[in-house]
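The lines below spell out each chain.
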Amino acid sequence: MHIENTLQKIIIHAIKELYQADVEMSQITLQKTKKEFKGHYTLVTFPLLRISRKKPEETAEEIGSWLAANADIISGFNVIKGFLNLEITAGAWLRLLEQIDAQADYGFTPVTDNAPLYMVEYSSPNTNKPLHLGHVRNNLLGHSLCEVLAANGKRVVKTNIVNDRGIHICKSMLAWQKWGNDETPESAGKKGDHLIGDYYVLFDKKYKEELASLQEKGLAKEEAEAQSQLMAEAREMLRKWEAGDQETVHLWKRMNDWVYAGFDQTYRRMGVSFDKIYYESKTYLAGKEEVLRGLSQGLFYRKEDGSVWADLTPYGLDHKLLLRADGTSVYMTQDIGTAKLRFDDYPINTMIYVVGNEQNYHFQVLSILLDMLGFEFGKGLVHFSYGMVELPEGKMKSREGTVVDADALMVEMVETARETSKELGKLDGISTEEADKIAEMVGMGALKYFILKVAPKKNMTFNPKESIDFNGNTGPFIQYTHARIQSVLRKAGEEGITVPEKLENSLSLSEKEEGLVQLLAEFDAVVKQAGAEYNVSLIGNYVYELAKEFNQFYHDFSILREENIPLRDFRLTLSKNIALTIKKGMKLFGIEVPERM
RNA sequence: GGCUCUGUAGUUCAAUGGAUAGAAUAGCGGUUUCCUAAACCGUAGAUCCGGGUUCGAUUCCCGGCGGAGCUACCA
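It should be emphasised that the depicted structure is a prediction, and the values quoted were computed from it without experimental measurement.

Parameters and conventions
- Residues numbered from 1 in each chain as written.
- Chains lettered and ligands numbered in written order.
- Predicted model: local features only at pLDDT ≥ 70, side-chain atom pairs only at ≥ 80, totals over all residues.
- Helix = DSSP H or I, 4+ residues; strand = E, 2+ residues; numbered from the N terminus.
- Buried ≥ 20, exposed ≤ 12 C-beta atoms within 10 Å, placed from the backbone.
- Contact = placed C-beta atoms within 7 Å.
- Pairing = 2+ DSSP bridges.
- Near = placed C-beta within 6 Å.
- Nonpolar A, V, L, I, M, F, W, Y, C, P; charged D, E, K, R; others polar.
- Core = buried A, V, L, I, M, F, W, Y, C linked by C-beta atoms within 7 Å.
- Axes fitted to C-alpha atoms, helices over the stretch in contact; angles between N-to-C directions.
- Domains from an automatic or database assignment.
- Expected span 1.5 Å × (residues − 1).
- pLDDT = per-residue confidence, 0-100.
- Parallel < 35°, antiparallel > 145°, perpendicular 65-115°, else oblique.
- Left-handed = near helix turned anticlockwise from the far one by under 90°.

This part is about the overall build of chain A. Summing up its helical and strand segments, chain A has 21 helices and 14 strands in all. Expressed along its principal axes, the backbone C-alpha trace of chain A runs to roughly 90 × 65 × 45 Å. Relative to its full complement of 597 residues, chain A shows a buried share of 38%. Considering only contacts within chain A whose residues lie at least 6 apart along the sequence, 74% involve residues at least 24 apart.

The subject of this paragraph is the pairing of strand β4 (residues 83-88). For β4, the buried fraction is high: five of the six residues fall into the buried class. Pairing of strand β2 (residues 41-44) with β4, which is carried by four bridges, proceeds in the antiparallel orientation. Along β4, the bridge assignment pairs V44 with F83. Here strand β3 (residues 74-80) runs beside β4; their pairing, made up of six bridges, is antiparallel. Directly across from I80, in β4, lies its bridge partner F83. Between β3 and β4, which pair antiparallel in sequence order, lie two residues; one of them, K81, sits at a positive phi of approximately 50°.

This brings us to the protein's contact with RNA strand B. Of all residues adjacent to RNA strand B, which total 72 residues, the nearest are T42, E358, A455, G472 and S487. The element contributing the most residues to the surface near RNA strand B is helix α18 (residues 475-494), with nine residues. Residues of the surface near RNA strand B, tallied by class, amount to 27 nonpolar, 28 polar and 17 charged.

On to the environment of V454. With respect to the secondary-structure elements, V454 resides in the loop between α16 (432-452) and β14 (460-461). Of the residues examined, V454 has 21 C-beta atoms within 10 Å and is grouped as buried. Once residues lying within four places of it in the same chain are set aside, the contact partners of V454 are M460 and S537.

Here we take up the nonpolar core. Ranked by size, the top nonpolar core spans 123 residues in total, and within it V120, L145, V354, V543, I578 and I582 carry the most contacts. Ranked by the residues each element gives to this core, the list is headed by α16, at eleven residues. V291, L322, A339 and L366 belong to the second largest nonpolar core, which has twelve residues in total.

Here we take up the environment of N5. As for its placement among the helices and strands, N5 is situated in helix α1 (residues 2-19). Taking the C-beta count within 10 Å as the criterion, N5 has 12 such neighbours and is therefore assigned exposed. Remark: the alpha-carbon pair of N5 and Y278, spanning 273 residues in sequence, is separated by 43 Å.

Quick look at the sheet that holds β4 now. Spatially, β1-β2-β4-β3 is the arrangement adopted by the four strands of the open sheet, whose pairing is antiparallel. With partners counted over all chains shown, the strands left at the sheet margins are β1 (30-32) and β3, one partner each. Neighbour-to-neighbour, the strand axes of the sheet open up by a mean angle of 30°, direction not taken into account. Here three bridges tie β1 to β2, and the two strands are oriented antiparallel to one another. Paired with K32 across the two strands is Y41, which belongs to β2. Set on the sheet, helix α3 (residues 56-70) makes contact with β2, β3 and β4; between it and β3 the angle comes to about 175°.

On to the domain arrangement of chain A, then. Here chain A is partitioned into domain 1 (2-88), domain 2 (166-274) and domain 3 (407-588). On a C-alpha basis, the centroid separation for the pair domain 1 and domain 2 is 67 Å.

Think of an α-helix as 3.6 residues a turn; residues three or four steps apart then line up on the same face. An ideal rise of 1.5 Å per residue puts 28 Å on 20 residues; helix α20 (residues 537-556) measures up with 29 Å between its terminal C-alpha atoms. Within α20 the residues assigned to the buried category are I539, G540, Y542, V543, Y544, L546, A547 and F550. Buried residues along α20 sit in contact with α16, α18, α19 (511-533) and α21 (565-588).

Below, the discussion takes up the confidence of the model for chain A. Residue-level pLDDT values for chain A average 90, and 96% of them are 70 or greater. Taking the mean pLDDT of every element in chain A, the minimum, 77, falls on helix α4 (residues 90-102) and the maximum, 97, on strand β5 (residues 117-121). Predicted complex, confidence summary: ipTM 0.94, pTM 0.94.

Running from amino to carboxyl end, helix α15 (residues 406-423) crosses α16 at an angle of 120°, the nearest separation of the two axes being 8 Å. Classed by the angle they form, the pair α15 and α16 counts as oblique. The two elements α15 and α16 meet at a crossing, and its hand is right-handed. Every residue of α16 that contacts α15 at L409, M410, M413, V414, T416, A417, R418 and S421 is listed here: I438, A439, E440, V442, G443, M444, A446 and L447. Considered class by class, the residues forming the contact of α15 with α16 number eleven nonpolar, three polar and two charged.

Right, let's talk about the environment of F108 for a bit. Looking at the element boundaries, F108 is found in the loop between α4 and β5. The exposure class assigned to F108 is buried, which follows from the 20 C-beta atoms found within 10 Å. For F108, the residues in contact, after removing those within four places along its chain, are A151, N152, D524 and V527.

Moving on, we get to the sheet that holds strand β7 (residues 276-279). The pairing of strands in a sheet happens through backbone hydrogen bonds and is either parallel or antiparallel. Pairing within the open sheet is parallel, and its five strands lie in the order β7-β6-β5-β11-β12. The open sheet terminates on both sides in strands that have one partner only, identified here as β7 and β12 (382-386). Neighbouring strand axes in the sheet, compared pairwise and without regard to direction, differ in orientation by 25° on average. Taken together, the four bridges between β5 and strand β11 (residues 350-356) define a ladder with parallel strand orientation. Bridging across to β11, M119 finds its partner in M351. Packed on one face of the sheet, helix α5 (residues 133-151) meets β5, β6 (155-162), β11 and β12 and runs near 155° to β11.

This next bit is on unusual backbone geometry. Most of the time, phi is negative for any residue but glycine, and the peptide bond is trans. With phi around 40°, S124 is a residue other than glycine that occupies positive phi space. Position of S124 among the secondary structure elements: in the loop between β5 and α5. Here the phi dihedral of N181 falls at roughly 50°; this positive angle occurs in a residue that is not glycine. For N181, the position within the fold is in the loop between α6 (167-179) and α7 (185-188). Residue classification places N181 among the exposed residues on the basis of 7 C-beta atoms within 10 Å.

Relative orientation of the contacting elements α6 and helix α8 (residues 192-216) amounts to 85°, with a least axis distance of 8 Å. Here α8 runs roughly perpendicular to α6, going by the angle between their axes. Between α6, through K171, S172, L174, A175, W176 and W179, and α8, the contact on the second element is made entirely by I196, Y199, Y200, L202, F203 and K206.

Spelled out as structure tokens, the structure:
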């Protein structure tokens, strides 16, 4: 980062000296030199030909010569076609390493009191179903995005909106009332969210049976649906709930608490958390108010049947329903209310919604509506849209029982990690507690990394078999690299070797060492870029590259037994810095790195 | 039909408009007297099709073809 920036400035100076022309930073295209060529950074000279009025090779040659003569961080250069490959001096690399070395453990850009405030909404579960694989991607992306933003010096408020009201909730309540026999999570030995989810499924089953028997009597499907006793009861329950009927509300609270306890357990294991949770049951009325205000101000209109609509045709969109004919609110109404409450609660600069791409249209509309209602934050809201998670067999379908449950998945990942460790004899001689801890870190690391390394925007395929693979571009590989480095440092300590704080300035770096130092130097820049582009996955691929380079490096050199003492010291410091960077990178993913594994 | 996203090795993923399109897996062939082999090395294999802009296109634009999603008085 620092070197790249410095280089750009020097090159701008060089061009001024050579061609008496001013160029913008953006015209200086620097990139990492490809492995097969000598050098660290490459200047692409094609965009500069207009200024130099010379052939690419000549231009590159001239700039290269000027730099070699005048810039003290350049130790050499070579020209291939229009590409100017620049070599950086060992001294410059070492100074950079010392800077990194001086950083605190997680010392990215520090967060200050007046830093921009970002509110990030993620997770957003329904209280009638346990979390599944899709939520896992949501939670991990949301949490990781928050970490990346904070690393870039932003204040972050993590928030969640719980969809805790509506007919779907009444369905599971009704099923529990009818067939539950007072079952509780304790008596059933199930997590609360799973218990409620099971009753939701039970309702659906019973409802289908009812429809089938009605249809047998000769009713059409629509008639059967209209006559369904069960559905009528569910609707009646919703009416009672909205009217504040004590018994209904009490049951609702009791069952919701079971669900929240279940969710909390899942969140804790995933390592995600929230600073402020909003409940739809408490925000939908505010939304209704806002919509009615908009109506009275002539922003919206009312149809003959009483329903309220927004005309979005001036924005190239359709008409959008905001309140039903019976006055009840819809999803959009609730999101308007939630947004208002949030901005009342916090001085938010940017609101980010981590929600799947099936809702792209919804957030496009929400942004316009908030803007119409006069909230200046409407226009700038960010929909952090991510793709669906599919299985090798295709989409997850609850009806076909192909939904991957989040809790079951985590259990399976950790179990597999434990089994594999055992087979490899890694668990010999360590306590059960430590083995458990390592299995948890590795299993969860595999899951998190597998999901986060994919560019958020894209749909992805989740293959359970491959996700628990510990080879290649995986979390465990990176964790393993970290553990090996810790082992090196530990052994050095046992031999009485201390890792030097200051580095000798006279060292010459091998190509491999230069490669590693370069990766270290660029890490902060990647984190910045990830924060600016809301692209979390950049970091994963980067840390993997670093880990891979180190493994190769490690394989080729015997670090501690190096005869040359300063070189040994240097490599120890390098190892320490790599371990630190891996740890920082993985923390941005919410992944823990074991000291040994 | 309209709108949005997407199309890269057998498979899963990379690639600010730059050099010979990278990895990983699976395949084939190797490396353990090497302080962690969950490692390392070699080998083979891909940009959906057709135009355009550009010195230069996987990337940007237009047109096809394929996939996903949205287009609900569900959330």
